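One letter stands for each residue in the lines below.
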Amino acid sequence: MPASDQLPSASHTIQEFVHGYEEDHRLRGFRCPNCGLVTATWGLACPRCGKADLEETALSERGSVVAFTVLSVPGDEFLNDAPYAYVVVELDGGGRITGWMPAVKSERNLAIGDRVHFVPGYKPGVQFAKDADAPGVG
Amino acid sequence: MREAWVVGAASNRFGKMKETGREAATRVSLEAIRQAGLEPKDIGYTFVSNCFGLTEKQGHVGPLINGGLGIPDVPSCTIESACSSSSAGLHEAFVHVAGGFTDAALVVGVEKLSHLDTLTATSYFAEAADYAFETKNGATFPGLYATLANAYQKAFPMKPEVLGAVAIKNHANAARNPHAQFQKEITMETYLNSPMIASPLRLFDCCPFSDGAAAVVVAAKEFVKQPVTEPLVIRASARAGSITEMQDRPDLLGLPASRTAADKAFRQAGMDRKQIDFVEVHDCFTIAELLALEDLGFLPRGTAGKAEVDGVTARDGRLPVNPSGGLKAKGHPVSATGASQVVEIFEQFNGLAKGREVPRAETALAHNVGATGGSCSVHIFSRR
């Protein structure tokens, strides 16, 4: 069954991606049927092979940290949250996504390869937590 | 295609400007034109860069600059490519002059940020990333380069002192550059004691917010005939793009656009890496200088840190890097940076870089990145 059938509504706009994170708690992406790339970034054509035939797909909510930083000086929508980690996550079913981790207060508390999961219902953006930590496990 | 030269180049002192961007841009433009032995009426096209001009409540600044230069009928346009804006303008000027569309073109970049508080300025910088998919998820501009630094350190473990060596070298060069914002050397102790901004990047890994203006005049060889300065022959003017979002990049060990632009430039110039005598690279953060040296093909992946520590990149080293002090210490007035790299090369070739000369330099390369690598310009210059 095509992955797009698993989603209640089409993710054709950036707003719908963001809505997905923040309202119905789903991570959305596109899959390229031509080259197989899975991307969490909005677009009309595959950023790898260029074919304009993207299919919507649900993304896994679990993955591993590929790279991260812990910000002491936050972005302006995160003023009350610093320090926090900004992470690039490789999702289990394919595709990478970036997000933030409010519970990570020091670079000593996170490592590349650490297992993380999406924490729905928080604003703004895509929030992750370490599998080893509460909340949201299971 | 005609041979195109840089015949004049001028910069103000980076840091904090009392005057508006428009005034500073007009001033450095006239200086660059005069230095070339030309008059404003010789200019056939003006390419202006001013990313954050709207913060001064001023858009469409090109006609105002041309008006101030007494050439209001000369066409102008604004070229925006984030931090690589004025090198993108230089590329357009090259295309116009080499292509025979105009005999002489003015490239000017200017930025004024000092009227904004740090938070506002930081958020403007972050807007050059992908707002919806990076900034909204907590990224800042230092945070994105810190993420690259984290990936690099995982692949090639290094002590903090390696990035510190980059900062110390660039501050030492800027201490000898009258255009530089920080004309002061720093010690390793100062570097290591500076606060963490985004791990592993400390305050002294980061370029400052800067005001500044720089201008370059490009003219056809056949138009100039008898140059009054030592011109820079533009041997290559190449640009490249790449996926902006880190989440879609195949690897995080460098900037793909730098590799593509460099390969194009060296093909265009018919030169190899060993023929370049010194480079001005885009060191918005210390890690970016390491990535640049490897992406440009001067050093194998994972070895730039050792080269910095060993002095290879010092002014008297095998490959001098950022004799101007770089973005790190000369300052980074976003839209002026690309043009200011060319000012440094022009001053080096014309004996104007007193106290920071690169010995026996005949060729140089300028590398200018837009934001986190969505855009990149590489220019190669030589003496006549």
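Computed from a predicted structure; not experimentally measured. (Residues numbered from 1 in each chain as written. Chains lettered and ligands numbered in written order. Predicted model: local features only at pLDDT ≥ 70, side-chain atom pairs only at ≥ 80, totals over all residues.)

1. Quick look at the sheet that holds strand β1 (residues 28–31) of chain A
Residue and element names in this part refer to chain A.
- Here three strands make up an open sheet; going across it, the order is β2-β1-β3 and the pairing antiparallel. Bordering the open sheet on either side are β2 (38–39) and β3 (55–58), each of which pairs with just one other strand.
- Bridge analysis of β1 against β3 gives four bridges, and the strand direction is antiparallel. Paired with Gly29 across the two strands is Thr57, which belongs to β3. (Pairing = 2+ DSSP bridges. Helix = DSSP H or I, 4+ residues; strand = E, 2+ residues; numbered from the N terminus.)

2. Thoughts on the packing of helix α3 (residues 85–98) of chain B against helix α13 (residues 337–349) of chain B
All names here are of chain B.
- Packing of α3 against α13 leaves a shortest axis separation of 5 Å and a crossing angle of 70 degrees. Considering their axes alone, α3 and α13 lie roughly perpendicular with respect to each other. Judged by residue contacts, Ser85, Ser86, Ser87 and Leu90 of α3 engage Thr337, Gly338, Ala339 and Val342 from α13.
- Grouping the amino acids of the contact of α3 with α13 by side-chain chemistry returns three nonpolar, five polar and no charged. (Axes fitted to C-alpha atoms, helices over the stretch in contact; angles between N-to-C directions. Parallel < 35°, antiparallel > 145°, perpendicular 65-115°, else oblique. Contact = placed C-beta atoms within 7 Å. Nonpolar A, V, L, I, M, F, W, Y, C, P; charged D, E, K, R; others polar.)

3. Some words on the interface of chain B and chain A
- In this complex, chain B contributes 30 residues to the contact, which on the side of chain A involves 29 residues.
- Elements with a contribution of two residues or more to the side of chain B that touches chain A: α4 (118–126), α5 (141–155) and β5 (196–198) of chain B.
- Ranked by residues supplied to the side of chain B that touches chain A, first place goes to α5(B) with six residues.

4. A closer look at unusual backbone geometry
- A cis geometry characterises the amide bond from Ala82(A) onward to Pro83(A), with omega recorded as -5 degrees.
- One can find Pro83(A) in the loop between β4 (62–71) and β5 (84–91).
- Residues Ser199(B) and Pro200(B) are joined by a peptide bond in cis, for which omega reads 5 degrees.
- Here Pro200(B) lies in the loop between β5 and β6 (201–202).
- The backbone of Lys57(B) sits at a positive phi, close to 60 degrees, despite the residue not being glycine.
- Along the chain, Lys57(B) turns up in the loop between β2 (45–49) and α2 (62–68).
- Residues other than glycine seldom take positive phi values, yet Ala371(B) does so here, at roughly 55 degrees.
- Checked against the element boundaries, Ala371(B) lands in the loop between β10 (363–370) and β11 (375–382).

5. Some thoughts on the confidence of the model for chain A
- Overall, the predicted model of chain A reaches an average pLDDT of 86, with 86% of residues at or above 70.
- Scored below 50 in pLDDT, residues 1–10 of chain A shows 14 contacts in the model against residues more than four places distant or in partner chains. (pLDDT = per-residue confidence, 0-100.)

6. Examining the domain arrangement of chain A
All names here are of chain A.
- Parsing chain A into structural domains produces domain 1 (3–58) and domain 2 (62–130).
- The straight-line distance from the C-alpha centre of domain 1 to that of domain 2 is 21 Å.
- Each partner contributes to the interface: domain 1 provides eight residues, whereas domain 2 provides 10 residues.
- Mapped by element, the contributors of at least two residues to the side of domain 1 that touches domain 2 are α1 (14–22) and β2.
- In terms of residue class, the side of domain 1 that touches domain 2 is built from four nonpolar, three polar and one charged. (Domains from an automatic or database assignment.)

7. Observations regarding the sheet that holds β10(B)
All names here are of chain B.
- With respect to topology, nine strands assemble into an open sheet ordered β3-β2-β4-β7-β1-β8-β11-β10-β9, the strand pairing being mixed. For this open sheet the edge positions go to β3 (76–78) and β9 (278–280), each flanked by a neighbour on one side alone. In this sheet, neighbouring strand axes are inclined to one another by 25 degrees on average, regardless of whether the strands run parallel or antiparallel.

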